[in-house]
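# Structural overview for review
The lines below spell out each chain.
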Amino acid sequence: MGYAHEYAAAIMHRGRVPMDPADYVPNWQDGPRKAKYHPGADGFPLPDASYPAGASLDRGLFPEGAPAEGEFDLVSLSGMLRDSYGLTGRRLGVQANTDLNALPFYPLANWSRGSASGGGLYPVSIHWVSGPSAPVPPGVHYYSTRHHAMQRLLTGDVSGQVREALGDGAPDPGTDQYLVLGIKYWQNSFKYNSFSFHAVSMDLGACVQTWRMWAAARGLAVEPALWFDEERLAALLGVDPAREGIFAVVPLKWTGRREGSGRPAAMTDVSVRRADVERSRTVLTFDALLRMQAATSADATARPAPDALGAAAAHPVDPGLPEVALPAARPLDADVRTALRARRSSFGRFDAQKPVTADQLATCLAAASAGSRLGGDTGDGRLAQLYAFVSHVEGVQPGSYVYDPGRRSLRRVKEGRPGEFLQRNYFLANYNLEQAGAVLVPTVRTTAVLDAVGDRGYRLVNATVGAVAQSVYTAAAAVELGCGVALGFDNISYIEELGLEGTGEAPLLIMMIGNERPAPADFRYEIA
């Protein structure tokens, strides 16, 4: 039994037993940048990318038919990056989050992005390893979110190193173009210390799910690999594996591929030498974070068999529970870009005077279920179960429910208004959970996943939950609901309330949906 089991238990009990260091206070004046900084690096701006008609969120969340056969080019890559992690606008509004007093000041400005991130910290670093098929010289590029540009860190075709690091069994569209996703821990741990590994692995899932929705709506495919030679890719990118984990590789099926470019020959390893320059004068390390990085990267090349996660799949819904029918989900006709630009956190703006409609709830539940399959080398099995605490939904009695994805209905677990339970077990003051129409709770059998595929499975667990959260955020925006996601709750109380003691299910975050108070005091300035 690896360290990830111990860390998972500490996360579940942190509402009752604080994690070390319990007395940690962030030094906000010495915090890191929200992106890497490579002084002197050459670069080029990415082209503008329009979003085609017909690329609806419905198509992105619920792709049907044969696998996507489209091919990426520089324009579509630019659009996907801009709509997921690029800065799209400045937002300022009266709300209940604790950072409100800082937001009017430009250095601390709150810039909106399509993907969600714990604490709005965005620690995922995106590198593009381009081979000869791209319309730019081959090399390693860093996506600079603030400039929507690629910064060249290395010149030369090293796509062969990435392909060899992926090994057998990885998603293989026969390409020489790869997105490599790392997570610079200090960008998150300066605020969340030992808890940060739990949060950043969800950030990875939110980013990848945005890409999956964006690409599927355009007939493209994004299939992430989570198992590969992490040490080799860290060396290629010139990063310290203890400070930055390499969490995923996404091969991109590319237009204009040259003959043989998808299988570059073996080559001598080379590395990026242009290092990121840290803003913080003092960079701290945390024992739990270091141990989780070591544990989850130790057997990174041991890709599980296709059926390995079957033993950790979500339990079938109990057919003996009373069923509550839901109407059909609303059509999600908005294009993915529009929905992503509308996504934001509600932060205490919920207003129960206008209840959520049953078809809005059905839409968000269906989206959550669709987001629970990351694909790639993680398989297509459903790891996440979904529960709903319903307070203010038309036609649905207050109570706690489990979602039946096969029948797209609810099964009643417990009757009665859940508002008092929800607020009593929430740690922060930025949401009134009772005012939300419903609180959705994904659970994953974390221990079963770790037993099935080893400690690296912890990254998969949280990436799955992050993908679920991003799907709900985006669908809620498309049906004009407010949404908020939070990790600050007593996990054990949720297990007890839902009767999950014998199932092994771990509630890992809560997602609130509901209508917001009318006429909010907001400032919004679009830059993309």
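These figures come from a predicted structure and were not determined experimentally. (Residues numbered from 1 in each chain as written. Predicted model: local features only at pLDDT ≥ 70, side-chain atom pairs only at ≥ 80, totals over all residues. Heavy atoms only, no water.)

### Here we look at the layout of surface pockets
By rolling a water-sized probe across the atoms, one finds the places where empty space is left. There is about 880 Å³ of room inside the second largest pocket. Along the wall of the second largest pocket there are 37 residues; nearest its centre are Pro-63, Arg-212, Ala-216, Ala-221 and Glu-223. The biggest single contributor to the lining of the second largest pocket is helix α6 (residues 196-217), with four residues. Tallied by class, the residues present in the lining of the second largest pocket amount to 18 nonpolar, eight polar and eleven charged. (1 Å grid on protein atoms, 1.4 Å probe; cavity = no way out; pocket = protein on both sides within 12 Å on 5 of 7 lines; lining within 4 Å. Points joined across faces, edges and corners; volume = space filled by probe spheres on them. Helix = DSSP H or I, 4+ residues; strand = E, 2+ residues; numbered from the N terminus. Nonpolar A, V, L, I, M, F, W, Y, C, P; charged D, E, K, R; others polar.)

### Some remarks on the sheet that holds strand β2 (residues 89-93)
The strands making up a sheet associate through backbone hydrogen bonding, with each pair oriented either parallel or antiparallel. Spatial ordering of the open sheet is given by β3-β2-β17, a layout of three strands whose pairing is antiparallel. Edge strands, defined here as strands with exactly one partner in the open sheet, are β3 (111-112) and β17 (522-526). (Pairing = 2+ DSSP bridges.)

### Re the packing of helix α4 (residues 159-166) against helix α7 (residues 230-237)
Axis separation between α4 and α7 bottoms out at 9 Å; the angle between their running directions is 160 degrees. The angle between the axes of α4 and α7 places the two elements in the roughly antiparallel class. Regarding α4 and α7, the two cross each other, and that crossing is left-handed. Contacts from Gln-161, Val-162, Glu-164 and Ala-165 in α4 reach Arg-232, Leu-233 and Leu-236 in α7. By residue class, the composition of the contact of α4 with α7 is four nonpolar, one polar and two charged. (Axes fitted to C-alpha atoms, helices over the stretch in contact; angles between N-to-C directions. Parallel < 35°, antiparallel > 145°, perpendicular 65-115°, else oblique. Left-handed = near helix turned anticlockwise from the far one by under 90°. Contact = heavy atoms within 4.5 Å.)

### Describing the pattern of salt bridges
Taken as a whole and judged by the stated rule, the model has 27 salt bridges. Its salt-bridge partner being Glu-230, residue Arg-456 comes within 2.7 Å of it at the nearest N-O pair. Highlighted residues: Arg-456 in the loop between α12 (446-453) and α13 (457-478) and Glu-230 in helix α7, separated in sequence by 226 residues. Comparing Arg-456 with Glu-230 shows no difference in burial state: the two are buried. The salt bridge partner of Arg-344 is Asp-522, with a shortest N-O separation of 3.9 Å. (Salt bridge = Lys/Arg side-chain N within 4 Å of Asp/Glu carboxyl O. Buried < 20%, exposed > 50% of the residue type's maximum accessible area, 1.4 Å probe, protein only.)

### Let's talk about the side chain of Thr-446
Within the element layout of this structure, Thr-446 appears in helix α12. Excluding residues that lie within four positions of it along the chain, Thr-446 makes contacts with Ala-8, Tyr-458, Val-461, Gly-504, Ala-506 and Leu-508.

### Regarding the pairing of strand β10 (residues 384-390)
Of all seven residues making up β10, seven are buried, and the element is well covered by its neighbours. In this sheet, strand β13 (residues 438-444) lies alongside β10 in antiparallel orientation, the contact comprising seven bridges. Bridge pairing links Ala-384 to Val-444 in β13. Across four bridges, β10 lies against strand β11 (residues 399-404) in antiparallel orientation. Looking at the pairing, Val-390 lines up with Gly-399 of β11.

### Here's the deal with a nonpolar patch on the surface
Among the surface-exposed residues, Phe-523, Tyr-525 and Ile-527 lie close enough to one another that they form a single nonpolar patch of about 320 Å² accessible area. In this fold, Tyr-525 is placed in strand β17. Residue classification places Tyr-525 among the exposed residues on the basis of a relative accessible area of 51%. (Patch = residues over 30% accessible without salt bridge, like charges linked within 9 Å, V, L, I, M, F, W, Y side chains within 5 Å. Areas by Shrake-Rupley, 256 points an atom, 1.4 Å probe, with all protein chains shown as cover.)

### Observations concerning the sheet that holds strand β4 (residues 124-130)
Reading across the sheet, the six strands line up as β1-β6-β5-β4-β7-β8 and stay open at both edges, with antiparallel pairing between neighbours. Both outer strands of the open sheet, β1 (43-45) and β8 (244-251), are each paired with one neighbouring strand and no more. On average, adjacent strands in this sheet sit at an angle of 25 degrees to one another, irrespective of strand direction. Both β1 and strand β6 (residues 149-155) contribute to a ladder of three bridges, which runs antiparallel.

### Notes on the packing of aromatic side chains
Taken as a whole, this structure holds 21 aromatic pairs when the rule is applied. Seen in terms of ring centroids, Trp-28 and Phe-190 are 5.7 Å apart; in terms of plane orientation they differ by 90 degrees. Their pairing is edge-to-face. One end of the pair, Trp-28, is in the loop between α1 (3-13) and β1; the other, Phe-190, is in helix α5 (residues 186-192), with 162 residues separating them in the sequence. Residue class for Trp-28 comes out exposed when judged on its relative accessible area of 51%. For Phe-190, a relative accessible area of 7% translates into the label buried. Taken together through their ring pairs, the aromatic side chains of Tyr-3, Tyr-7, Tyr-185, Phe-197, Phe-247 and Tyr-458 make up a single cluster. (Phe/Tyr/Trp six-rings, centres within 6.5 Å; stacked < 30°, edge-to-face > 60°.)

### Points about α12
Of all the residues in α12, the buried ones are Thr-446, Ala-448, Val-449, Leu-450 and Val-453. Looking at the packing, one finds that the buried side of α12 touches α1, β13, α13 and β15 (506-507). Phi for Gly-454, located one or two positions after α12, is positive at around 90 degrees.

### Observations concerning the nonpolar core
Formed by 140 residues in total, the largest nonpolar core has its most connected members in Leu-361 and Leu-440. Every residue in contact with Leu-440, bar those within four places of it in the chain, is listed here: Leu-361, Cys-364, Leu-365, Leu-386, Tyr-387, Ala-388, Val-472, Leu-509, Ile-510, Met-511 and Ile-513. Core analysis: the next-biggest nonpolar cluster, separate from the first, contains 23 residues, Val-158, Val-162, Ala-225 and Val-272 among them. (Core = buried A, V, L, I, M, F, W, Y, C linked by side-chain atoms within 4.5 Å.)

### Some points on the side chain of Asp-455
Within the secondary structure, Asp-455 is located in the loop between α12 and α13. One polar contact links the side chain of Asp-455 to the main-chain amide nitrogen of Tyr-3, over a distance of 3.2 Å. Every residue in contact with Asp-455, bar those within four places of it in the chain, is listed here: Gly-2, Tyr-3, Ala-4, His-5, Ala-295, Thr-296 and Leu-450. (Polar contact = N/O pair within 3.5 Å; in protein donor to acceptor, adjacent residues only side chain to side chain.)

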